[in-house]
Amino acid sequence: MTHPDTIIINDVGPRDGLQNQPKILTVDERTQLIQALIEAGVPAIEVGAFVSPKAVPAMAGAAELFANVNNSDTDFSALIPNAKGFELGVAAGVPTLSLVVATSNTMNEKNIRMTNAQALDVCRTVIAMSQDTAATVQVYVATAFECPFEGIIAAQQTIDMCNTLFDMGANAIVVADTIGAANPKQVSALMSELVSQHSTDKLSCHFHDTRAMGLADVYAAIEAGIRRFDASIAGLGGCPFAPGASGNVATEDVVMLAEQMGFHTGIDMPALLRASDLAIQLTGSARGGNARAWLDRKFQHNNHSTSQGSKP
Ligand code: COA
Ligand code: ZN
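The model shown is predicted, which means the values in this text are computed figures rather than measured ones.

(A) Highlighting the coordination of the zinc ion (ligand 2). Taken together, the protein donors to the zinc ion (ligand 2) comprise Asp16 (OD), His206 (NE2) and His208 (NE2), at separations of 1.9 to 2.1 Å. Between the donor residues of the zinc ion (ligand 2), the gaps in sequence give the motif D-x189-H-x1-H. One exposure class covers both His206 and His208, and it is buried.

Pasting the structure below:
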């Protein structure tokens, strides 16, 4: 069980962060970014996605990438949309495979070309397939608060979907505010209800900072008992199929919030800032977390243009 004083950060920069960048990184560059996160002690990393390379060209080469970074100390995961993704992920040896299902038909159709019912059928099939493998399957419930096409999603709709997925045997659920629309009051209500029904070890939150409410949402979820969070190095992020979605809440900001509140993350901030520099340098578009200027001063970190030796 997660210690109540520990907050586990899963860095989704290499997947959510890079899938929507104007610049497509090479497998080597993505490997470097993941290595930098490992060096910073980030305990969990979403390395990429086993999706159609036609749908998301930036995620091509996931198996090769995973072979480059695999080690036994980090909890690695990869996103999958279907059974083919599961098979590819298992063949690559990725221990946790993350299905994604949105709360609304329109978002599922745009993202994975399936209705809700079809997406849930895929979840049932893939979770059943996983019983014969060493892989663990978790599910992202995307657009958990608001859908860019269908608007506000009633909390009960998200709760019902989570319960259906747990009943199917999902190992864990990541409640994802894909477009960064949630306010802390909504987060508090939804996560408190889920925590009353399920173990906090099986629940995690994923926020985007589109409306600058990302850290407030993290705080609301912490207060509700959540101890696992997705975050993205340097605030990279965004879904190519969800209009208006901007970057995830930045890992450096979430680590700062957690540590300043007295939680342990096990992450080394100076090394994390180096990983953030690398993300900025490689993508040319990431801007770093909201607290970057203060963190640079506090940890006497030279800014990215000097520490990396080249301008982004
Ligand atoms: N990995 C790699 N290739 C895959 C795949 C997977 N998981 N699933 C399907 N494909 C390939 C098929 O083999 C087929 O290839 P071909 O054209 O060379 O024959 C092609 O993709 C189309 O397959 P099809 O089953 O008809 O899929 P589709 O065109 O209806 O697209 C998805 C459905 C789910 C594969 C696609 O929309 C997708 O990958 N979406 C991912 C979206 C995403 O990552 N969003 C961001 C995260 S929230
Ligand atoms: Zn996201």
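(B) Representation of the pattern of salt bridges in the model. This structure, assessed with the given rule, holds six salt bridges. Asp121 is the salt-bridge partner of Arg124, the closest N and O atoms lying 2.9 Å from each other. Residue Arg124 and its partner Asp121 are both found in helix H6 (residues 116-130); the two are separated by three residues, about one turn of the helix. Judged by its relative accessible area of 43%, Arg124 is partly exposed. When salt bridges that share partners are traced, they join Arg15, Asp16 and Glu46 into one network.

(C) Layout of the site of ligand 1. In the vicinity of ligand 1 there are 19 residues, among which Ser52, Lys54, Asn82, Lys84 and Asn111 approach most closely. Taking Ser52, its main chain carries an N or O atom lying 2.9 Å from an oxygen atom of ligand 1. Gly85 is positioned with one of its backbone polar atoms (N or O) 3.2 Å from a nitrogen atom of ligand 1. For ligand 1, whose accessible area on its own is 930 Å², the fraction buried by protein is 66%. Applying the majority rule of atoms within 2 Å of the grid points places ligand 1 in the largest pocket. No other element matches the three residues that helix H4 (residues 83-92) contributes to the shell around ligand 1. Split by residue class, the shell around ligand 1 holds ten nonpolar, five polar and four charged.

(D) Quick peek at unusual backbone geometry. Positive phi is not limited to glycine here, since Arg113 has a value of about 60°. Tracing the backbone shows Arg113 in the loop between helix H5 (105-112) and H6. Residue Ala212 is not a glycine yet carries a positive backbone phi of 60°. Ala212 gets classed as exposed once you look at its relative accessible area, which sits at 62%.

(E) How the structure looks around the layout of surface pockets. Put simply, the largest pocket is a space of about 720 Å³. Forming the walls of the largest pocket are 38 residues, and the residues nearest its centre are Val51, Ser52, Val56, Leu79 and Pro81. Only helix H1 (13-17), helix H3 (62-69), H4, strand S4 (96-102), H5 and strand S5 (136-142) provide two or more residues apiece to the lining of the largest pocket. Here the lining of the largest pocket takes four residues from H5, the largest share from any one element. Residue composition of the lining of the largest pocket, by class: 24 nonpolar, nine polar and five charged. In this model, the second largest pocket occupies a volume close to 390 Å³. Along the walls of the second largest pocket sit 21 residues, with Asp75, Thr96, Gln138, Ala172 and Arg228 positioned nearest its centre. Looking at the lining of the second largest pocket, the elements with two or more residues in it are strand S1 (8-11), strand S3 (75-80), S5, strand S8 (172-177), strand S9 (203-207) and strand S10 (228-231). Class assignment of the residues belonging to the lining of the second largest pocket gives a composition of nine nonpolar, seven polar and five charged.

Each value, and the rule that gives it
Residues numbered from 1 in each chain as written. Chains lettered and ligands numbered in written order. Predicted model: local features only at pLDDT ≥ 70, side-chain atom pairs only at ≥ 80, totals over all residues. Heavy atoms only, no water. Donors = N, O, S within 2.8 Å, 3.2 Å for Na, K, Ca; no water. Buried < 20%, exposed > 50% of the residue type's maximum accessible area, 1.4 Å probe, protein only. Salt bridge = Lys/Arg side-chain N within 4 Å of Asp/Glu carboxyl O. Helix = DSSP H or I, 4+ residues; strand = E, 2+ residues; numbered from the N terminus. Near = heavy atom within 4 Å. Polar contact = N/O pair within 3.5 Å; in protein donor to acceptor, adjacent residues only side chain to side chain. Areas by Shrake-Rupley, 256 points an atom, 1.4 Å probe, with all protein chains shown as cover. 1 Å grid on protein atoms, 1.4 Å probe; cavity = no way out; pocket = protein on both sides within 12 Å on 5 of 7 lines; lining within 4 Å. Sits in = over half its atoms within 2 Å of the grid points. Nonpolar A, V, L, I, M, F, W, Y, C, P; charged D, E, K, R; others polar. Points joined across faces, edges and corners; volume = space filled by probe spheres on them.

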